[in-house]
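# Descriptive analysis of the structure
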Amino acid sequence: MTGRRRRRKLHLSRLYSFATCGRSRFNEDHAQIGSPGFSRVVFANDPDCFEAANLNYGSNYVSTTKYTLATFLPKSLFEQFRRVANMYFLVSGCLSFSPLAPYTPLSAVAPLVLVIGATMLKEGIEDWRRYQQDIEVNNRKVKIHHGNGNFDYTEWKNLRVGDIVKVEKDEFFPADLILLSSSYEDAICYVETTNLDGETNLKLKQSLEVTSDLQADSVFRDYRAIIKCEDPNANLYSFVGSMDHEDQQYPLTPQQLLLRDSKLRNTDYIYGVVVFTGHDTKVMQNATSPPSKRSKIERRLDKIIYLLLSSLVLISLIGSIFFGISTNNDLDGEMKRWYLRPDDSVIYFDAKEAPIAAVLHFLTAMMLYGYFIPISLYVSIEIVKILQSIFMNQDIQMYHEESDKPARARTSNLNEELGQVDTILSDKTGTLTCNSMEFIKCSIAGTAYGHGVTEVERAMARRKGSPMISRPDAAQHDEENHADTKPVIKGFNFSDERIMNGNWINEPQSDIIQKFFQLLAICHTVIPDVDEETGKISYEAESPDEAAFVVAAREIGFEFYHRTQTNIYLHEMDPLSGKQIDRKYRLLNILEFSSSRKRMSVIVQDEEGKLLLFSKGADSVMFERLAKDGREFEQRTKEQINEYADAGLRTLVLAYREIDEEEYTNFNKKFTAAKNLVSADRDERIEEAADLIERNLILLGVTAVEDKLQYGVPECIDKLAQAGIKIWVLTGDKMETAINIGFACSLLRQGMKQIIITLETPEIVRLEKDGNKEAIAKALKDSIIHQINEGKKLLSSSSTESFALIIDGKSLGYALEDDVKDMFLQLAIGCGSVICCRSSPKQKALVTRLVKASTRKVTLAIGDGANDVGMLQEADIGVGISGAEGMQAVMSSDVAIAQFRFLERLLLVHGHWCYRRISSMICYFFYKNITFGVTLFLFEAYASFSGEPVYNDWVLSLYNVIFTSLPVIGLGVLDQDVSARFCLKFPMLYQEGVQNVIFSWLRILGWMFNGICGASIIFFFCTSALQHQAFRKSGEVIDLGILGATMCTCVVWVVNCQMALYISYFTLIQHILIWGSIAVWYLFLLVYGAITPTISTTAFMVFVEGLVPAPSYWIVTLFVVVAALIPYFTYSAVQMRFFPMYHNMIQWIRYEGWADDPEYCQAIRQRSVRPTTVGVSARLDVKVSQLTRKVHHEVHSLQQH
């Protein structure tokens, strides 16, 4: 028989490590079946029966779209007219069909239709993409029972409650299933839930014993059962139900539930019955509707619109009052406005009804001054954001070649938010790490082995003159050991000729080396899988570090190749003969790992009859268990543990002892009795029994495993920390794992004080066993408040030291309560790093909400699994990692990237650019509209508020759409204040966005004031210069058409030249857009003026006959343009020279050619880099200061001698 077949016959449930498997029992929860909330009935293998049809359960079709074909038009229109500006233009468009309108209806309605149509088209395209993703998921295939024992493929969307499905190895479960049987005899299966809870450890599931013999397709021909269970809910970790089979009722627990979007691993196939479909599945119940996210800039934009609308109402009111007074005085005394015929006028100018005329004028003015509100602003922003997203998607620097995945902005609404992020909340597994462990170094008998270079060491080596590189060979591994290049052997990145290839025999402590690797090959719960074709052995482990240990032992020469319920078999080298021999170890007991024990042990008997205890665990518990004569290498081992921790490695201490028969007999009696207990203190009794024998150990050494970080994570975190961004890690992993990763990615470092908030203390455990629930809850909450207050005291006691806050999920539940959360947040904000362990998906979302709501700063959440969806949706920006497994996080995200390291470029480069571009674009939009609108208002005042516009109707309509819109789009897409290289070289530049200096109220009002100044110069200079001038050859003075055309020429020139002055990064496209817009204005005058006067009205032949021949037109244009730009040019020059912003200083570096001057750049960088407590830089700064103090101490000692 092959190894694969032998493995299937192994009854894993009989191993202590798999004690969760076994026969299910009814408990008090099962008594609720049939009551409200527990009313679901499933007819297994009979979904077409009459009773099932009447239940009318939902289909397995899943939709994540925002619209349907029927709801698109009404919902999309509602979304558009929620914007107050669009609502204003809709009312104005309706009023334009009345005689009150100062322009034609078509010129008012056409721009609105264009703007709304373009925005709706963009919404439709984005929702179509979501629909395409839904189609891909819904059309995945799975085998389903079609009757008569025949299974055939069908799409996921066709599944119904009660269907029997067959899922094969490495396939996702298409719905929530009850496990019936598997390819293993005892009907277990391995499930990977990375996509649900972020954990890479394989979970073990086992069916009911009554269905475990359903091993072939044909047996389902006559299979029938009725399942009664809880109604659909969002709880991933609970399930209550029962199965009625052959007149017997059997209890169902979470042990039989297989959740949609988890994956079948290391099991050839399983059979299951569908119990929840589509949106009833637990993963979809956890998925909330995509929130409508709006950026802070867009929310401020609304306030600016309200401000302008208020100003519009105010000036319309002022104008109508003056107009009413003037109209009332038309018949009194000297008739000044005789041309209006006040003695015989229509209602709009009737001096006898002056109040009514004033009210009607108010409505006219409200329409006329509407050009203060930029109608094309929203659509221009939409266009710019889409183009910005395209540039992000096309950035080759954020393309991951190995997975063939580029960055993808899934929504363009939040581009500018990427430049304002204050806090990043990150998942760990699959986000910071690669979901893989590598055995990279070890210390045996006090001697360090292994020359591998970790990501942390690599990051330090890249820093010039790093004191961390103590060996010349360490730096040589930099690029050749690039993390994206996977080692030949998964989980093994160890290199040291002293012990590889059998050379360990020649080492001085060869006997200890032999015991060390024997321990790694024996002390585990790994199961070998022998490939039937190649004979190669792979390992199925509950955790990746266990697999890495077994692989390491195999590569050194201690190959674990087979296990039974009672024996473990190795191929190992005999040190005497130097040959490979087979050894059998009788497995007596497994003392499994737990978070409280922090160690795992096995007791075996070798072929010579010796009883051996092999133990591995955390140094905090292992060193205290060493025998007096077993501490020979303790001091050197501790030093090496600290070195490994500095290198970001996870360490486990290995020790052993020999046991005599009598001691083992006594232990086994107590241990067996404890295991057979059914009382509440069963686990405590088991730990007490294990504690008796795990003593007087002999130290062997320590393993150093790298929880493989994604390439570039330490450098990325370092750069983000230098940019002033705070980083929190929210993970479902246990505290020890999270702390190790914190060290690996430089969020934690040696010497940083850790404030640990936990409820896993012995006092709390004892209280939970003795007290009642209310007393326990109060005591736990009081304990959390006390620990938080102690942490705050520690923070206030030292201003120089850096702190890290680490809190577990149970404690976090109390810390997030309403009366505690503010205290918790104050403590967290005062710490350099925050790590939340054992966090549930809901807790991740609640922490994100707390940070977002309390700090009122932009938060970014990043994760890769379905357990991160709530966090991604709650944050201002959700970034999904498009990893190898699952798409839930990506489908719920705003931006998808392939690796965490791309976050550096996404934020510091694209985020900064997008923030600055959008902010500048909006400021410029209001500037150009105020310039245009104020000239209208000033002419109105000049013309006695008559309601007659100085500009032609189509000039009014096309000013925003044609004459000035393209340059501002060019600014929003192409402008760069500094290049990408300088954005990364000077990361503190990013704080301009966090502090919102480019879009502050002072800057917005400054641009508005600039517009008012420009408009005043244009109006008064034009009217003063042209008022009494003979303009045509025949000597006539100017008319309304010529004045309007001259003023608009000046406005078009001024606002476009203002754009040219503001732009930092000119391209050919920028030149074409700016000067082309001016050319289009002249082309419009020429073409529109040639159209019949019934259409062109005041613009008829005005350019050819009136403007071109007149030298004063060209002189006034030149003089006015220069005069209108002088105020901004003066301000800009003074500000650049004497009060430069940070990006101005960097621009000077580029302009003066100092970019390669290291001293000058360092001086500028010192102004940017504020003291950081996390990252590689902080770790190096500490090392440098320690070395400096050491050198000073040595020098001082020498001077004294």
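As a starting point, this report considers the structure included with it. Every value quoted in this text rests on a predicted model; they were computed, and no experiment measured them.

Pairing in this open sheet of 4 strands is antiparallel, and the strands run β1-β8-β9-β10 from one edge to the other. A strand with exactly one partner marks an edge of an open sheet, and here the two such strands are β1 (40-44) and β10 (248-252). Adjacent strand axes in the sheet meet at a mean angle of 20°, parallel and antiparallel pairs treated alike. The pairing of strand β8 (residues 225-229) with strand β9 (residues 241-245) spans 4 bridges and is antiparallel.

Tyr369, Ile373, Ile922, Phe926, Phe932, Tyr951 and Trp1081 are the most contacted members of the largest nonpolar core, which totals 108 residues. Contacts of Phe932, omitting those with residues within four sequence positions, involve Tyr371, Tyr951, Val955, Leu956, Tyr959, Cys1048 and Val1051. Core analysis: the next-biggest nonpolar cluster, separate from the first, contains 83 residues, Leu520, Val530, Ile537 and Ala690 among them.

Sheet architecture is open: 3 strands sit in the order β7-β6-β12, paired in antiparallel fashion. Each of the sheet's edge strands pairs with one partner strand only, and the pair in question is β7 (203-206) and β12 (263-265). Neighbour-to-neighbour, the strand axes of this sheet turn through a mean angle of 45°, independent of strand direction.

The next subject is helix α38 (residues 1111-1138). For α38, which comprises 28 residues, the first-to-last C-alpha distance of 41 Å matches the rise-based estimate of 40 Å (1.5 Å per residue) to within 8%. For α38, the set of buried residues is Tyr1113, Val1116, Thr1117, Val1120, Val1121, Ala1123, Ala1124, Leu1125, Tyr1128 and Gln1135.

To continue, consider the packing of aromatic side chains. By the definition in use, this model includes 37 aromatic pairs. Geometrically, the ring pair formed by Tyr664 and Phe667 is tilted, given 6.1 Å between the ring centres and 45° between the ring planes. Note that Tyr664 and Phe667 are positioned in helix α17 (residues 661-675) at a spacing of 3 residues, about one turn of the helix. Look at Tyr664 and you get buried, because its relative accessible area is 10%. Taken together, a centroid distance of 5.3 Å and an interplanar angle of 20° make the contact between Phe667 and Phe671 stacked. Here Phe671 and Phe667 lie together in helix α17, a separation of 4 residues that amounts to about one turn. Across this residue pair, the class does not change: Phe667 and Phe671 are buried. Aromatic ring contacts, followed pair by pair, group Phe151, Phe220, Tyr223, Tyr269 and Tyr271 into a single cluster. Against the face of Phe623 rests Lys638, its NZ or CZ located 5.1 Å from the ring centre. Its guanidinium or amino end placed over the ring of Phe982, Arg981 lies 4.7 Å from that ring's centre, counting from NZ or CZ.

Further remarks concern the state of the cysteines. Counted by the stated rule, this structure contains 0 disulfides. In this model Cys837 remains outside any disulfide bridge; the closest cysteine sulfur is found in Cys836, 7.3 Å from its own.

Our next topic: the pattern of salt bridges. Applying the stated criterion to the full structure yields 41 salt bridges. The residue Glu634 makes a salt bridge to Lys638 at a minimum N-O spacing of 3.1 Å. Residue Glu634 and its partner Lys638 are located together in helix α16 (residues 634-646), separated by 4 residues, close to a single helical turn. Judged by its relative accessible area of 33%, Lys638 is partly exposed.

About the thresholds
Residues numbered from 1 in each chain as written. Predicted model: local features only at pLDDT ≥ 70, side-chain atom pairs only at ≥ 80, totals over all residues. Heavy atoms only, no water. Pairing = 2+ DSSP bridges. Helix = DSSP H or I, 4+ residues; strand = E, 2+ residues; numbered from the N terminus. Axes fitted to C-alpha atoms, helices over the stretch in contact; angles between N-to-C directions. Core = buried A, V, L, I, M, F, W, Y, C linked by side-chain atoms within 4.5 Å. Buried < 20%, exposed > 50% of the residue type's maximum accessible area, 1.4 Å probe, protein only. Contact = heavy atoms within 4.5 Å. Expected span 1.5 Å × (residues − 1). Phe/Tyr/Trp six-rings, centres within 6.5 Å; stacked < 30°, edge-to-face > 60°. Lys NZ or Arg CZ within 6 Å of the ring centre and 35° of its normal. Disulfide = S-S within 2.5 Å. Salt bridge = Lys/Arg side-chain N within 4 Å of Asp/Glu carboxyl O.

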